[in-house]
Every structure is written in C-alpha cells, then in structure tokens.
Amino acid sequence: MKKVMALAIAAVAFASCQQNSFKILGTAEGYQDGDTLYMSDVDANPTDTIIVKDGKFKLKGRADSVELGIIFSQKNPNDAVLFFKEPGTIMLTLTDDPATSHVSGTAANDGMQELTSQVNEYEARILRLSEAFIDTMLNDAKRQAIVSEYTKIQKELTHLFYRAAEKNIDNEFGFFAITNLVPHMEPGKVRSLIDKMPERFRRRPQIKELESTLASAEAAEAGQKVGDFVLLTPDGEEMSIMSEVRKNQITILDFWASWCQPCIKEMPFMVSLYEKYREQGLQIIGISLDEEHESWVKAIKKQGMNWPQVSDLKGWNCAAAEALQVKTIPHIIVLDQSGTILRRGLRGQELETFLHRHLAIKQ
C-alpha cells in the first residue's frame, strides 16, 4: 500500500509539473549551427540563451504564470518574435522580416498570431496611403479621399481588436488585448468585454484599474455635458470654453498639436469646413497639446486657423484633454449649444455629413 501511495503521489507531482511546463520548438531561417539567440521578457531583461542547430532551436522551462516573452538575435536586430510563455508546446518561426515571423501552438499564441497576421495586412494598406499622401501633385479632393480611407481603416482596426479580444476572452491573449489594445474604444464596448471575462481575470489589479478609468471615460461619452475649462489664448488671455460654446449652435473641440503631422494634414479640410459652415452656426475651438508657445503660434498662422485657439502648454497633461479622455490626436468632440456631447471621433467626410444634417435641421 505504501508503494502504491508513493507512486500515486509521484504521478500527481509529475502531472503538476507537466501542467506548468512549456516547450519551445523553433525554426531560425538563415541561421547557422552555433548561432546564438536570446529570450528576454518584454522589458528586455535576458532570461535564456539559445543555440541554433540545423536551423532549429528548442527550449524547455516552467510557466507558473503566463508572461510575454521575446526571442531575438543581437546580430540581426530585426529578427525578433513576441510570444506568450505559457504551458504547452509553442511553435516559433524566426525570420529577418517581423511580418513573416510566426508563433502558434497554445491558445494565447494562436490568438495573437491570428490578429498579427490581420494587422500586417492593414499596415501594408496604411503604408500605401502614406506614400500616396506625400505626392505634391494631389488636389484637395484626392487628399481628402486618402484621409477618409485612413479613417475607415482605423475603424476597421478598432473592430478587429474588439473581435480578437472577444474571441480570446478566456485566455491570456484576450486579457492582454483588453488591457492593452482596446482601452481607447468606446467605454461601453470595453465594459462589455470585461463583463464576459472569467472571474479569475476580473479579479486582477489591471482590470480594477481599467474599470476606474472607464468610469471617468463614461462621463465624457455622447449625451454627457462637458464641464467648463479656462485655458489661455496665444495672446495669454483667459478664455472660457463654455462661454464660446453657448454662442453657437454647434461647436467642434479640435484637439491637435503643431508636432502632430496627421493633425496638420487635416487642417486644410478643417479650414474649408469652417468657411463653409460658420455662417450656419458652426464654431471650432482648437485645443492644442503643444508645450512650446512659439511652435503653437507659428502653426496657427501657417495653417490659417482663423478660429479660437487655446492651450495650457502642458502637452498630454492638458486639463481639457485629461477630463475628456482624449488619448490620441487629432481628436474631435462635437458639442451642442448647451455643451452636451453629440459625437466624438468624427473626421473627414463623416464629420461634414454630420454637420450638414444637424445644422440643416437647426436652420
């Protein structure tokens, strides 16, 4: 009986060890026998050295918790592949092109690879748009068409991230996606993902922190009223945002900065929009995330932004940006005369269509 008990205990211990173990089986394209690869955590702290043999490499270890890791080459900095170190057999392919490196074999890694492959396709589209945009022979209509296509791609990517998080809601990639990829989405959508998460994930501090952030973000969603902000004009005079909002049927809060190239590229469209609709009750208030007064003023003059401009020259610490949960620029928030948020995040033709319909109704 004692021998049977000992064997049973040994079997349980072995099973436990197996459950927490991981194995990496990798292929290193273009590498020779004896070449060295390294594994590190996401903070670039090396944890293991790996030797290539016959174009392949392997590594075994324990994964008591799931962590992100990187296998890379110091000799070829572009050769790197990101993966989740979790129990199971992880299949890696390391190449000199990050777009063709590959990871699979476990739930989190399969989920990450699926999204990565899809994002690579979008990056190629964005690159083509960027190359087309710098063509000096483009007219305004073609330039605006490129901006509209870029806006469409951004929306598609947002939906892609949401679907990836939802599909992997019960594994570590889903947790990673929710805490790193989707927090800039509409708060309601992020909260719907959190509600679907397993309880073991929802108890984590990162989710508690995200829920606190969501509470603040929900106060800045469509249908909510914005509070007043007093910021400085380029001349150093104080201006109450709400005092200007109350004068107009529709006010656009345009968050931008002189160093933000996408913001600058959209300014000709904003100028034309202002000229077209200002007599119908439109106002624009530019809220700059600049930190240097001279750069801010030069950009205003160069771009012909003939609408009120304010800033506290605190960059991303701008009081209005923090209160209204502005995480990226350019970012537009559309207000009615009472200061209620009608829409946010509109750009290009979508913005003009919204203004045309709303101001037409108000006439």
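Residues numbered from 1 in each chain as written. Predicted model: local features only at pLDDT ≥ 70, side-chain atom pairs only at ≥ 80, totals over all residues. Heavy atoms only, no water.

Visitor: Could you give me a rundown of unusual backbone geometry, with the residues and numbers involved?
Guide: For the bond running from Ile 329 to Pro 330, omega is 0 degrees, close enough to zero to count as cis. Secondary-structure assignment places Pro 330 in the loop between α11 (319–323) and β14 (331–336). We note that Asp 54 has phi near 55 degrees; this positive angle belongs to a residue other than glycine. In this fold, Asp 54 is placed in the loop between β3 (46–51) and β4 (56–62). Within the chain, Leu 313 stands out as a residue other than glycine whose phi angle is a positive 55 degrees. (Helix = DSSP H or I, 4+ residues; strand = E, 2+ residues; numbered from the N terminus.)

Visitor: Pulling in residues and values, what's your account of the sheet that holds strand β15 (residues 341–344)?
Guide: An order of β13-β12-β11-β14-β15 is seen for the five strands of this open sheet, with the pairing classed as mixed. Single-partner strands in this sheet number two, and they are β13 (309–310) and β15. Relative to β13, strand β12 (residues 282–288) runs parallel, the two being bridged by two bridges. Counted as the bridge partner of Ile 287 is Val 310 from β13. Strands in contact with helix α9 (residues 261–277) are β11 (250–256), β12 and β14; relative to β11, the strand with the most contacts, it is inclined by about 165 degrees. (Pairing = 2+ DSSP bridges. Contact = heavy atoms within 4.5 Å. Axes fitted to C-alpha atoms, helices over the stretch in contact; angles between N-to-C directions.)

Visitor: Got a sec to walk through the sheet that holds strand β2 (residues 36–41)? Specific residues and values, please.
Guide: The strand order β3-β2-β5-β6 describes an open sheet built from four strands, whose pairing is antiparallel. The open sheet terminates on both sides in strands that have one partner only, identified here as β3 and β6 (80–85). Direction aside, neighbouring strands of the sheet carry axes that sit 25 degrees apart on average. As paired strands, β2 and strand β5 (residues 67–72) are joined by four bridges and run antiparallel to one another. Across the sheet, residue Asp 41 finds its bridge partner in β5, namely Gly 69.

Visitor: So what's going on with the pattern of salt bridges? Which residues, and what values?
Guide: All chains considered together, the criterion is met by 16 salt bridges. Put simply, Lys 75 and Asp 35 hold a salt bridge, and the shortest N to O gap is 3.7 Å. Separated by 40 residues along the polypeptide, Lys 75 in the loop between β5 and β6 and Asp 35 in the loop between β1 (21–28) and β2 bring together distant segments of the chain. Classification of Asp 35 by relative accessible area gives buried; the value is 16%. Notably, a salt bridge pairs Glu 294 with Lys 298, separated by 3.2 Å at the nearest N-O pair. Pair noted here: Glu 294 and Lys 298 are both in helix α10 (residues 293–303), with a separation of four residues, about one helical turn. (Salt bridge = Lys/Arg side-chain N within 4 Å of Asp/Glu carboxyl O. Buried < 20%, exposed > 50% of the residue type's maximum accessible area, 1.4 Å probe, protein only.)

Visitor: Tell me about a positive patch on the surface, and please be specific about residues and values.
Guide: Taken together, the side chains of Lys 23, Lys 53, Lys 58 and Lys 60 make up a positively charged region of the molecular surface. By the element assignment, Lys 23 lies in strand β1. (Patch = residues over 30% accessible without salt bridge, like charges linked within 9 Å, V, L, I, M, F, W, Y side chains within 5 Å. Areas by Shrake-Rupley, 256 points an atom, 1.4 Å probe, with all protein chains shown as cover. Lys, Arg positive; Asp, Glu negative; His and termini not counted. Charge placed at Lys NZ, Arg CZ, Asp CG, Glu CD.)

Visitor: Go over the pairing of β14, please, and point to the residues and values.
Guide: With respect to burial, β14 is a largely interior element, six of its six residues being buried. Burial along β14 is two-sided: the face carrying His 331, Ile 333 and Leu 335 and the face carrying Ile 332, Val 334 and Asp 336 are both buried. As paired strands, β14 and β15 are joined by three bridges and run antiparallel to one another. Bridge pairing in β15 places Val 334 opposite Arg 343. Here β14 folds back onto β15 in antiparallel fashion, the turn holding four residues, of which Gly 339 has a positive phi close to 90 degrees.

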